[in-house]
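Below, each chain spelled out in residue letters.
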Amino acid sequence: DTGVSQDPRHKITKRGQNVTFRCDPISEHNRLYWYRQTLGQGPEFLTYFQNEAQLEKSRLLSDRFSAERPKGSFSTLEIQRTEQGDSAMYLCASSLEVRRVYGYTFGSGTRLTVV
Amino acid sequence: AQSVTQLDSQVPVFEEAPVELRCNYSSSVSVYLFWYVQYPNQGLQLLLKYLSGSTLVKGINGFEAEFNKSQTSFHLRKPSVHISDTAEYFCAVTERYRTQGGSEKLVFGKGTKLTVNP
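What you see is a predicted model, and the numbers here were worked out from it, not measured in a lab. (Residues numbered from 1 in each chain as written. Chains lettered and ligands numbered in written order. Predicted model: local features only at pLDDT ≥ 70, side-chain atom pairs only at ≥ 80, totals over all residues. Heavy atoms only, no water.)

K.L.:
Would you explain the environment of Gln-38 of chain B in this entry?
P.N.:
As for its placement among the helices and strands, Gln-38 of chain B is situated in strand S5 (residues 31-38). Placed 75 residues apart in sequence, Gln-38 of chain B and Lys-113 of chain B show a C-alpha to C-alpha distance of 9.4 Å. Beyond its immediate sequence surroundings of up to four residues, Gln-38 of chain B is in contact with Gln-37 of chain A together with Gly-43, Leu-44, Ala-87, Glu-88 and Phe-90 of chain B. Of the polar contacts made by the side chain of Gln-38 of chain B, one reaches the backbone oxygen of Gln-42 of chain B; its length is 2.9 Å. (Helix = DSSP H or I, 4+ residues; strand = E, 2+ residues; numbered from the N terminus. Contact = heavy atoms within 4.5 Å. Polar contact = N/O pair within 3.5 Å; in protein donor to acceptor, adjacent residues only side chain to side chain.)

Here it is, written out as structure tokens:
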């Protein structure tokens, strides 16, 4: 169990550029979540996958954002035409759907700075 | 919809002193409750969770929390803090009776920065 891995740890990009983040969950975990955390705030839910199916998306996930989880393994989060307001920490978490087991394992996050 | 209020944005304490971090929640449905800790430039680590049963929940690193349904609170406590407890602490809730296959999405408070001074 190597935990949840996120890559890159830090990303600085110019406004208008596209960026893509990767998350590798714990191998046996079938659920994967993306959250966004801005300065001074708690994490906010963006989207959720069960296996390869994206089952829920927050209204925070504008049409510039897209997330995928091909084959139910790793996931990518892409932001197109980045804006300064996209600067945040993007957190990935995974969990195993076992009855009465709750609580995710979070990765260390990808910190995005849009300049 | 659920919401979480963490009443103190910053809590400074001296080493070996007791600490209480306050959390109140609002929900129209039954919820599960969590406390997470975040060290600088790190992800979140689960400290403890309340699912059912005893309202006093013990977690890692000597922390405990008490669920109070009538006051809709889930305050976090530690009788004696250490310098290494300096971090940001987040209270979170999730819907207890989610639909089958529904996400366990968490609603977080804004966090409380605990600073332990020597």
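K.L.:
Explain the pairing of strand S2 (residues 10-14) of chain B here, please?
P.N.:
Regular strands have side chains that alternate between both faces of the sheet. All names here are of chain B. A one-sided burial pattern is seen for S2, the buried positions being Val-11 and Val-13 and the unburied ones Gln-10, Pro-12 and Phe-14. Bridge count between S2 and strand S12 (residues 112-117): five bridges; the pairing is parallel. Within the sheet, the bridge partner assigned to Phe-14 lies in S12 and is Asn-117. (Buried < 20%, exposed > 50% of the residue type's maximum accessible area, 1.4 Å probe, protein only. Pairing = 2+ DSSP bridges.)

K.L.:
Help me understand the nonpolar core in this model?
P.N.:
Side chains that are nonpolar tend, in soluble globular proteins, to be buried together. Leu-33, Trp-35, Leu-47, Leu-48, Phe-74, Leu-76 and Tyr-89 of chain B are the most contacted members of the largest nonpolar core, which totals 27 residues. Those residues within four positions of Tyr-89 of chain B in sequence are excluded, and the remaining contacts are Gln-6, Leu-21, Trp-35, Tyr-36, Val-37, Leu-47, Phe-63, Leu-76, Gly-111, Thr-112 and Leu-114 of chain B. Grouped together as the second largest cluster of nonpolar side chains are 19 residues, Val-4, Phe-21, Ile-79 and Leu-112 of chain A included. (Core = buried A, V, L, I, M, F, W, Y, C linked by side-chain atoms within 4.5 Å.)

K.L.:
Just to check I follow, could you spell out the packing of aromatic side chains for this structure?
P.N.:
The description of an aromatic ring pair rests on the distance of the ring centres and on the angle between the ring planes. All chains considered together, the criterion is met by 16 aromatic pairs over all chains. Where Phe-106 of chain A meets Phe-108 of chain B, the ring centres are 6.4 Å apart and the plane angle is 65°; that geometry is what we call edge-to-face. Linking Phe-106 of chain A in strand S10 (residues 105-106) with Phe-108 of chain B in strand S11 (residues 107-108), this pair reaches from one chain into another. Judged by relative accessible area, Phe-108 of chain B falls into the buried class, the value being 10%. A cation over a ring is seen here: Arg-22 of chain A above Phe-74 of chain A, with NZ or CZ 3.9 Å from the ring centre. (Phe/Tyr/Trp six-rings, centres within 6.5 Å; stacked < 30°, edge-to-face > 60°. Lys NZ or Arg CZ within 6 Å of the ring centre and 35° of its normal.)

K.L.:
Explain the side chain of Arg-31 of chain A here, please?
P.N.:
Mapping Arg-31 of chain A onto the fold places it in strand S4 (residues 31-37). A polar side-chain atom of Arg-31 of chain A sits 3.3 Å from a polar atom in the side chain of Tyr-48 of chain A.

K.L.:
Looking at this structure, I do not really get the side chain of Asp-85 of chain B. What am I missing?
P.N.:
Looking at the secondary structure, you find Asp-85 of chain B in the loop between strand S9 (73-78) and strand S10 (87-95). Not counting chain neighbours up to four residues away, the residues in contact with Asp-85 of chain B comprise Phe-63, Lys-78, Leu-114 and Val-116 of chain B.

K.L.:
Help me understand the sheet that holds strand S8 (residues 75-79) of chain A in this model?
P.N.:
Strand pairing in a sheet relies on backbone hydrogen bonds. The paired strands run either parallel or antiparallel. Residues and elements named next belong to chain A. Across the sheet, four strands lie side by side as S1-S3-S8-S7; this open sheet has antiparallel pairing. Sheet topology places strand S1 (5-7) and strand S7 (65-68) at the edges, where each strand pairs with a single neighbour. In this sheet, neighbouring strand axes are inclined to one another by 15° on average, regardless of whether the strands run parallel or antiparallel. In the sheet, S7 pairs with S8 via four bridges, with the strands oriented antiparallel. Paired with Phe-65 across the two strands is Ile-79, which belongs to S8. (Axes fitted to C-alpha atoms, helices over the stretch in contact; angles between N-to-C directions.)

Read these as layout, nothing more, since geometry by itself doesn't imply function.
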